Amino acid sequence: MFRSSNPALKEEIFKVEARLVQDTQPMTIQGTINKTFVLLVLVAISSAWIWSLVSQGQLGIAYPMMIAGAVVGLISG
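Computed from a prediction, not measured in an experiment: that's the story for all the values here.

Each value, and the rule that gives it
- Residues numbered from 1 in each chain as written.
- Predicted model: local features only at pLDDT ≥ 70, side-chain atom pairs only at ≥ 80, totals over all residues.
- Heavy atoms only, no water.
- Helix = DSSP H or I, 4+ residues; strand = E, 2+ residues; numbered from the N terminus.
- Buried < 20%, exposed > 50% of the residue type's maximum accessible area, 1.4 Å probe, protein only.
- Areas by Shrake-Rupley, 256 points an atom, 1.4 Å probe, with all protein chains shown as cover.
- Expected span 1.5 Å × (residues − 1).
- Patch = residues over 30% accessible without salt bridge, like charges linked within 9 Å, V, L, I, M, F, W, Y side chains within 5 Å.
- Salt bridge = Lys/Arg side-chain N within 4 Å of Asp/Glu carboxyl O.
- Contact = heavy atoms within 4.5 Å.
- pLDDT = per-residue confidence, 0-100.
- Axes fitted to C-alpha atoms, helices over the stretch in contact; angles between N-to-C directions.
- Left-handed = near helix turned anticlockwise from the far one by under 90°.
- Nonpolar A, V, L, I, M, F, W, Y, C, P; charged D, E, K, R; others polar.

1. Here's the deal with the overall build of the chain
Now for step 1: A tally of regular secondary structure across the chain gives 3 helices and 0 strands.
Now for step 2: Listed by position from the N terminus, the elements making up the chain come as α-α-α.
Now for step 3: A burial count over the chain gives 4% of its 77 residues as buried.
Now for step 4: Element-wise, carbon and sulfur atoms account for 70% of the exposed surface of the chain, whose accessible area totals about 7100 Å².

2. Structural notes on helix H2 (residues 29-55)
Now for step 1: With 27 residues, H2 extends 38 Å between its outermost C-alpha atoms, agreeing within 8% with the 39 Å of an ideal straight helix rising 1.5 Å per residue.
Now for step 2: At the C-terminal side of H2, glycine 57 shows a positive phi close to 85°.

3. A closer look at a nonpolar patch on the surface
Now for step 1: Together, Phe37, Val38, Leu39, Val41, Leu42 and Ile45 give the surface a local cluster of nonpolar side chains, amounting to about 590 Å² of exposed area.
Now for step 2: With respect to the helices, strands and loops of the structure, leucine 42 is situated in helix H2.

4. Some details on the environment of valine 54
Now for step 1: Here valine 54 lies in helix H2.
Now for step 2: Classification of valine 54 by relative accessible area gives partly exposed; the value is 36%.
Now for step 3: With residues near it in sequence (within four places) discarded, valine 54 still touches Leu59 and Ala62.

5. Overview of the confidence of the model for the chain
Now for step 1: For the chain, mean pLDDT is 84; residues scoring 70 or higher make up 83% of the total.
Now for step 2: Taken element by element, the predicted model of the chain shows its lowest mean pLDDT in helix H1 (residues 11-23) (65) and its highest in H2 (93).

6. Thoughts on the packing of H2 against helix H3 (residues 59-76)
Now for step 1: Between H2 and H3, the least distance of the axes is 8 Å, while the angle of their chain directions is 145°. Of the two possible hands of crossing, H2 and H3 adopt the one that is left-handed. The residues of H3 that touch H2, namely those facing Trp49, Ile50, Leu53 and Val54, are Leu59, Ile61, Ala62, Met65 and Met66.
Now for step 2: In terms of residue class, the contact of H2 with H3 is built from 9 nonpolar, no polar and no charged.

Pasting the structure below:
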């Protein structure tokens with residue numbers, strides 16, 4: 001491995017990361033399906049709620065929430 005003066009690339013950091021990876025459990029198909037289903041339900045509920053606000057003409061509430069959701073989604077994605 002090459003030498004670097006960058007503190008983020010010191011050898012101790014990689015040892016800590018290796019221990020963290022060893023302590024986690026492997027990802028399973030069932031866990032992936034469960035998490036996907038939960039996220040899909042959350043998206044469906046929030047989009048149905050915003051859709052109902054728009055259809056009722058409450059655009060003053062719906063537009064800021066749509067913008068906030070887009071910003072949060074782009075940042076977290």
